[in-house]
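# Understanding the architecture of this molecule
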Amino acid sequence: MKKNRLAPYAIALFSLLLLFFGCALPAAKAPVPSGLAAWPEADVLFHQDPLWLGGDGAASAVLGDGRVLWLFGDSFVCDYSPCTRKTATIVRNSIAVEQGNDPSRDPAVFYWGRSNEGGPGAYFQSREEGEWLWPSSVLGLDGKALVFFYRVRAERNALGFAPCGHAAALVQANPGDPAQWEVHYLDIPKNGFWVLLGAAAVRDGGYIYVYGIGKGRDTPVYLARWPVARFLDAAPEEPEWWAGPDRGFVPQGQLPGTPTPVMTSGQNEFFVGKNPAGGYYCVQSVGFGPADLAWRKAARLYGPWSPPQPVYAPPEKSLSGVLIYAAKAHPELSGAFPVLTYVPNSLDFNALYRDLTLYYPRFVRPAP
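In what follows, the accompanying structure is described. In this text, all values refer to a predicted model and were calculated from it rather than measured experimentally.

## A few points about the packing of aromatic side chains
Here the distance between the centres and the angle between the planes together describe a pair of aromatic rings. Across all of its chains, the model carries 30 aromatic pairs by this definition. Consider the rings of Y312 and Y342, whose centres lie 6.2 Å apart with planes at 45 degrees: the pair is tilted. With a gap of 30 residues between them, Y312 in strand β21 (residues 309–312) and Y342 in strand β23 (residues 340–346) connect regions that are remote in the sequence. For Y342, a relative accessible area of 2% gives the class buried. The structure contains a cluster of three or more aromatic residues connected by ring pairs, namely W39, F46, W52, W70, F72, F110, Y360 and F363. Here the basic side chain of R92 rests over the ring of W132, its NZ or CZ set 3.7 Å away from the ring centre. Above the plane of the ring of Y207 lies R225, whose end atom (NZ or CZ) is 3.9 Å from the centre.

Right, dumping it as structure tokens:
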């Protein structure tokens with residue numbers, strides 16, 4: 001199996017690619033977190049398997065029975081020990097199951113799939129020839145996991161790849177061996193305004209709300225929703241889209257054009273959830289390269305959202321060629337509120353070989 005040496009920073013470059021695609025409620029008054037600090041005791045969660053040597057993304061969801069599912073994009077994995085990043089295969093996605101909700105204490109087991117040649121491969125396999133799946137967000141859904149993906153394929157462009165759509169899967173995440181989990185791939189309808197859905201997902205009331213990234217230098221973010229039952233029945237039809245305060249949510253087939261953005265300055269993956277202090281919050285990175293972690297707030301899922309406010313400057317920002325991205329929150333974890341993660345990466349592939357502090361998700365929480 002040929003290794004893709006661009007893969008470990010491909011999702012970060014994906015953010016740059018998206019930047020160049022072409023009566024309101026007041027914002028919530030919940031406070032912005034301060035005093036955030038690195039949580040190195042929790043970082044060990046991702047260093048427990050000597051055959052899994054790093055991955056990005058790090059979306060998480062509660063599975064039930066005290067388990068937390070973790071999803072990663074491109075990942076360094078080996079079939080045998082000793083394993084180094086130079087000898088590892090880069091697979092397009094992988095998963096881990098944490099037994100508990102305290103990353104500083106809990107065990108985690110990592111899983112990936114097999115390639116057609118019999119070597120390591122992606123856990124989630126694309127159904128389309130020449131495409132692969134990058135996990136972007138995940139929800140625990142009545143004992144199952146609802147996973148959203150970006151569909152990606154190789155292209156002759158500056159990056160060597162391009163997004164070509166979105167997808168989803170409903171995973172029967174029982175307590176047994178994840179290698180035996182039943183995965184139902186779902187057909188998420190296309191839209192005519194080139195919005196890639198799955199950047200973040202929220203279950204609220206009787207709906208699944210899914211954020212998507214559109215074209216434009218301001219990186220507009222849009223919001224679609226489905227009744228929860230549509231996903232539990234594995235039959236998501238065309239969604240409703242937020243079309244502004246005058247029209248509310250409108251069925252896709254009734255939209256006269258592009259729906260109304262709910263925020264700008266978005267990223268291709270972020271987190272949205274309920275704020276214990278009231279309203280909703282969003283965690284994302286800001287900028288490209290040596291980025292900060294930022295916080296937004298809103299009274300409603302459709303906004304208006306406050307501008308992203310930096311709340312943590314990763315120490316890796318001082319490194320040459322650094323890429324910092326995939327900022328997310330993990331409210332299911334114990335240890336404080338909020339618990340965040342981000343991924344430090346590098347444009348220098350040799351730096352990834354040398355520096356094993358890179359390309360592992362890093363934890364952040366309020367300082368004790």
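## Some thoughts on the sheet that holds strand β17 (residues 249–251)
Taken in spatial order, the five strands of this open sheet run β13-β14-β15-β16-β17, and their pairing is antiparallel. Looking at which strands have only one partner, the edges of the open sheet turn out to be β13 (196–204) and β17. Each strand axis lies, on average, 30 degrees off the axis of its neighbour in the sheet, ignoring direction. Two elements, strand β14 (residues 207–213) and strand β15 (residues 221–227), share seven bridges in a ladder whose sense is antiparallel. Following the sheet pairing, G212 is matched in β15 by Y222.

## Overview of the side chain of D74
Topologically, D74 is positioned in strand β3 (residues 67–77). For D74, a relative accessible area of 0% puts it in the buried group.

## Topic: the nonpolar core
Among the nonpolar cores identified, the biggest contains 36 residues, and F46, W52, W70, F72, F110 and F363 are the most heavily contacted of them. Contributing elements (two or more residues each) for this core: β2 (52–64), β3, β4 (89–91), β6 (108–111), β22 (322–329) and α4 (349–354). It is β3 that contributes the most residues to this core, five residues altogether.

So, how was this worked out
Residues numbered from 1 in each chain as written. Predicted model: local features only at pLDDT ≥ 70, side-chain atom pairs only at ≥ 80, totals over all residues. Heavy atoms only, no water. Phe/Tyr/Trp six-rings, centres within 6.5 Å; stacked < 30°, edge-to-face > 60°. Helix = DSSP H or I, 4+ residues; strand = E, 2+ residues; numbered from the N terminus. Buried < 20%, exposed > 50% of the residue type's maximum accessible area, 1.4 Å probe, protein only. Lys NZ or Arg CZ within 6 Å of the ring centre and 35° of its normal. Pairing = 2+ DSSP bridges. Axes fitted to C-alpha atoms, helices over the stretch in contact; angles between N-to-C directions. Core = buried A, V, L, I, M, F, W, Y, C linked by side-chain atoms within 4.5 Å.

Keep in mind these numbers describe shape, not what the thing actually does.
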